[in-house]
Amino acid sequence: MGRRTPDVGALVAGARDGDPRSVARLISLVEQESPALREVAAALAPHTGRAQVLGITGPPGVGKSTTTTALIRGLRERDLRVGVLAVDPSSPFSGGALLGDRVRMGDHADDPGVFIRSMASRGHLGGLSWATPQALRVLDGAGCDVVVVETVGVGQSELEVASLADTTLVLVAPGMGDGVQAAKAGILEVADVFVVNKADREGADRTTRELRSMLTMAPPSDWRAPVVRTVASEGRGVDDVLARVEEHRAWLASSGEGDRRRRVRAAREIEAIAVGELRRRMGDVGGAGAVDALADRVVAGECDPYAAADELVGRL
Ligand SMILES: Nc1nc2c(ncn2[C@@H]2O[C@H](COP(=O)(O)OP(=O)(O)OP(=O)(O)O)[C@@H](O)[C@H]2O)c(=O)[nH]1
Ligand SMILES: [Mg+2]
């Protein structure tokens, strides 16, 4: 099998058998925007839609990776297969098949039920890579019951992770002044579960109280985000987080909200692909100097830019 002509069928079959190298290769094809992507997507489609996507966001250093590692342990105890996509992590993970060279491995590197992959965020700082939804599909297709997406909460990325996830965990820690700030930044609406991590530190009570009182002011909803306290570095509170995640999963199913979120997600994906395709065709159309020729006419006052744009679009 050459690098240039991947045997997509074999890779997808391998991924479904839990072969980490096949999973890694498929995610690489996604990252490289391989021409084989369409074939990959088509081959994966019948095998996707099962995984629960768990978004984890929060400010730098709040304990996202530590929490993810603790969640992996809890999920493995429940005999669930876990995938992890870390978007630009600055700290190492442990516990599973390393799908690439950007994340260092820890103590239980040989667990075949865990796939971990780090992805560079492209486009904007801290934001989710455009490739993340496709990589999610690979892990879903590879039979992961839960896929955790960790992204550092700066700017828009917590909103982005929430748009990808079925269930979004927002982490805060005492003493970082994050409780209030998080709420102000609109995080209140995206959090399905709040986690006050580093509960071993002073101020955890206050942060928890602040969050709870802010939540009482949120607009009424069928689902009220619970506030859970954890000491992720010691695994404390993690079972409680998993219990809330399970409750949220059940609520998503019974309320119809789960289907609604997935439809929104699929619609965004389709739009992004379509816009990308239009851009590419636009490039083809404009490539032969067509835009330059139109620009000359606009500069010469022979036509206005709207008419020129219409002409260009008309050639697509
Ligand atoms: N005291 C205490 N320290 C913790 C806890 N959880 C994590 N830490 C420590 O906090 C530091 C940051 O943890 P990470 O899990 O790397 O945090 P992160 O949010 O993934 O960080 P970035 O990916 O860089 O944004 C590490 O030194 C952890 O050991 C906790 O519950 N209590
Ligand atoms: Mg991290």
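What comes next is a walk through the structure. (Residues numbered from 1 in each chain as written. Chains lettered and ligands numbered in written order. Predicted model: local features only at pLDDT ≥ 70, side-chain atom pairs only at ≥ 80, totals over all residues. Heavy atoms only, no water.)

## Remarks on the coordination of the magnesium ion (ligand 2)
Those donors, Ser65 (OG) and Glu150 (OE), are the protein atoms that reach the magnesium ion (ligand 2), and they lie 2.1 to 2.4 Å from it. On the criterion of sequence distance, the pair formed by serine 65 in helix H4 (residues 64-77) and glutamate 150 in strand E5 (residues 146-152) is long-range, its members being 85 residues apart. Judged on exposure class, the residue serine 65 and its partner glutamate 150 are both buried. (Donors = N, O, S within 2.8 Å, 3.2 Å for Na, K, Ca; no water. Helix = DSSP H or I, 4+ residues; strand = E, 2+ residues; numbered from the N terminus. Buried < 20%, exposed > 50% of the residue type's maximum accessible area, 1.4 Å probe, protein only.)

## Focus on the pairing of strand E2 (residues 82-87)
When you tally the buried positions in E2, you get six out of six residues, the bulk of the element. By the bridge criterion, six bridges tie E2 to strand E4 (residues 114-119) in an arrangement that is parallel. Within E4, the position partnered with valine 82 by the bridge is valine 114. Sheet analysis places E2 next to E5, joined by six bridges and oriented parallel. Pairing of valine 82 across the sheet is with valine 146, part of E5. (Pairing = 2+ DSSP bridges.)

## Describing the pattern of salt bridges
By the definition in use, this model includes 19 salt bridges. One salt bridge connects arginine 137 with glutamate 269, and the closest N-O pair in it is separated by 3.0 Å. Taken together, the positions of arginine 137 in helix H5 (residues 132-141) and glutamate 269 in helix H11 (residues 257-287) put the pair 132 residues apart, joining distant regions of the chain. A residue is classified by how much of its surface remains accessible, and glutamate 269, at 13% relative accessible area, is buried. Ionic contacts of the salt-bridge type, sharing partners, join the residues Asp192, Glu257, Arg260 and Arg261 into one network. (Salt bridge = Lys/Arg side-chain N within 4 Å of Asp/Glu carboxyl O.)

## Let's talk about unusual backbone geometry
One non-glycine residue, aspartate 79, lies in positive phi territory at about 65 degrees. Following the sequence through the fold, aspartate 79 ends up in the loop between H4 and E2. A relative accessible area of 66% means that aspartate 79 is categorised as exposed. Its identity is not glycine, yet lysine 198 carries a phi of approximately 60 degrees, on the positive side. We classify lysine 198 as partly exposed; its relative accessible area is 21%.

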